Amino acid sequence: MFFRDVIGYGDLKGILKQLVMQNRIPHAILLSGNQGVGKLPMAIAMARYIMCSDRGKEDSCGKCRSCIQLQNLTHPDLHFVFPIVQNKTSKIQICDDVLADFRKSVLQNPFLTIEQWFARTGESKIGQIYTEEGDEIIRKISLKPYQGDHKVMIIWQPELMHVACANRLLKILEEPPLDTVFILVSDHPEQVLLTIRSRCRNFELPPLGMDEMRAGIRARYTDISDDQMNYLVRSSRGCWGELLRLIETTEEDSLNFELFKRMMRTSFKFNTIEIRTFSEEFARLGRNAQLAFLRYSQRLIRENFICHVGMSDLSYMNADEIQFSSRFSAFITERNVLKISSELSLAESQIAQNTNSEIVIFHTLIKLYIHLKKH
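The rules we used
Residues numbered from 1 in each chain as written. Predicted model: local features only at pLDDT ≥ 70, side-chain atom pairs only at ≥ 80, totals over all residues. Heavy atoms only, no water. Helix = DSSP H or I, 4+ residues; strand = E, 2+ residues; numbered from the N terminus. Polar contact = N/O pair within 3.5 Å; in protein donor to acceptor, adjacent residues only side chain to side chain. Contact = heavy atoms within 4.5 Å. Buried < 20%, exposed > 50% of the residue type's maximum accessible area, 1.4 Å probe, protein only. Pairing = 2+ DSSP bridges. Axes fitted to C-alpha atoms, helices over the stretch in contact; angles between N-to-C directions. Expected span 1.5 Å × (residues − 1). Core = buried A, V, L, I, M, F, W, Y, C linked by side-chain atoms within 4.5 Å.

Looking at the side chain of histidine 75
Topologically, histidine 75 is positioned in the loop between α3 (65-71) and β2 (78-81). Here serine 66 takes part through its side chain, which lies 3.1 Å from a polar atom of the side chain of histidine 75. A distance of 3.0 Å separates a polar atom in the side chain of histidine 75 from the backbone nitrogen of aspartate 77. Not counting residues within four places of it along the chain, the set of residues in contact with histidine 75 comprises Met51, Ser66, Gln69, Leu70 and Gln147.

Regarding the environment of isoleucine 126
Turning to its location among the elements, isoleucine 126 is positioned in the loop between α5 (114-120) and α6 (132-141). Overall, the relative accessible area of 44% leaves isoleucine 126 in the partly exposed class. Ignoring anything within four residues of it in the chain, the contact list for isoleucine 126 reads Val85, Ile114, Phe118 and Leu160.

Notes on unusual backbone geometry
Look at tyrosine 9: it is not a glycine, yet its phi comes out positive at around 60°. With respect to the helices and strands, the residue tyrosine 9 is situated in the segment before α1 (10-21).

Some thoughts on the pairing of β2
Moving residue by residue along a regular strand, the side chains alternate between the two faces of the sheet. The two faces of β2 match: Leu78 and Phe80 on one face and His79 and Val81 on the other face are all buried. With 4 bridges connecting them, β2 and strand β3 (residues 151-156) associate as parallel partners. Residue leucine 78 lies in a different strand from β3, and its bridge partner there is valine 152.

Considering the sheet that holds strand β1 (residues 28-32)
Pairing in this open sheet of 5 strands is parallel, and the strands run β2-β3-β4-β1-β5 from one edge to the other. Of all the strands in the sheet, just β2 and β5 (201-204) have a single pairing partner and so form its edges. Neighbour-to-neighbour, the strand axes of the sheet open up by a mean angle of 20°, direction not taken into account. Sheet topology places β3 next to strand β4 (residues 180-186); 6 bridges connect them, and they run parallel. Across the sheet, lysine 151 pairs through a bridge with threonine 180, a residue of β4. Along the sheet, helix α2 (residues 39-51) contacts β1, β2, β3 and β4; its crossing angle with β3, the most-contacted strand, is approximately 175°.

Side note on helix α14 (residues 287-308)
For α14, built from 22 residues, the straight-helix expectation of 32 Å at 1.5 Å per residue is met to within 8% by its first-to-last C-alpha distance of 32 Å. Note on α14: the residue one or two positions beyond its end, glycine 310, has a positive phi of about 80°.

Some points on the nonpolar core
Judged by nonpolar contacts, the single largest core of 82 residues is most densely connected at Phe82, Ile154 and Phe182. A total of 10 residues in this core trace back to one element, the largest contributor, which is α2. Contacts of isoleucine 154, omitting those with residues within four sequence positions, involve Leu40, Ala43, Ile44, Ala47, Leu78, His79, Phe80, Val81, Ile183 and Val185. The next biggest cluster of nonpolar side chains, apart from the first, holds 29 residues, and it includes Phe293, Tyr296, Val360 and Leu365.

If you want it as structure tokens, here you go:
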């Protein structure tokens with residue numbers, strides 16, 4: 001990642017580059033903000049700029065030895081600390097045990113979220129940065145830089161650091177080595193120890209403005225229509241990572257939308273044969289697809305209620321969803337919106353617990369019929 005690859009935040013980029021150029025780099029930097037705003041890409045761009053041997057006023061050169069190594073995140077003086085799930089059977093105890101997977105994940109998606117990281121590793125729970133990692137941090141910063149004048153340690157999600165590990169980091173920050181720069185990347189800085197936060201130079205990345213989002217889309221996606229762009233800008237709510245996710249899931253959302261229309265029409269008509277057929281077909285979907293559809297359905301119910309109460313300017317739907325909503329929203333009212341949402345949420349919870357999905361969705365469609373008729 002270069003600074004130019006990070007959408008927006010021109011002022012912040014200018015400050016970070018100036019700190020490097022004037023040799024006033026803080027020993028610890030905290031980048032905070034919502035998921036998807038670009039904190040991790042900004043941290044990597046900063047690390048690259050620090051290590052670049054021929055940096056320019058605007059960005060790293062991209063050609064020196066350090067830049068080439070940073071391209072694959074394999075620079076020997078760039079260290080990563082991130083949450084893991086310790087696993088005795090696979091002997092995963094510290095970050096370096098899964099460092100190759102983490103690098104690959106970040107290269108594929110620099111806007112990686114903590115949920116995506118653990119889903120990729122096949123873990124069903126959110127891990128932490130364990131106590132043992134404190135020893136690794138101390139060991140790594142005690143080494144002299146292999147190249148250049150600095151080592152950079154990026155700590156991703158420091159709010160998930162075990163208190164014992166956090167206390168070790170605190171001691172390091174109290175007497176920081178001159179050649180090491182810590183860059184903490186946090187979604188929830190209020191959960192990071194206050195004593196650690198107070199020793200960092202804090203920079204918050206707020207949601208991007210709509211004009212910045214539109215400019216970023218126009219520069220990178222020439223085949224996106226104005227309607228699609230407006231939908232993406234509104235739905236991503238200032239987070240470029242979320243916008244990328246929406247672009248990738250457009251096809252999935254299209255399939256879910258067709259399935260949603262069919263589910264609502266089948267429920268409303270209350271044809272038991274069609275309900276049975278829908279339930280059988282739904283059961284043949286993979287469990288992840290079933291859960292994704294039910295989450296999508298809950299979102300669309302909320303959006304239709306927003307339209308029903310006359311606040312369509314606040315809705316986040318694409319053109320096809322808006323067209324469907326022009327008639328369907330009349331059936332989602334104050335009397336039934338919470339009940340319908342609860343039924344869909346219950347179905348999601350039951351399927352997540354491996355309950356028979358055919359029975360669950362059959363029962364849900366019957367409940368939907370009852371609530372839709374009482375609009």
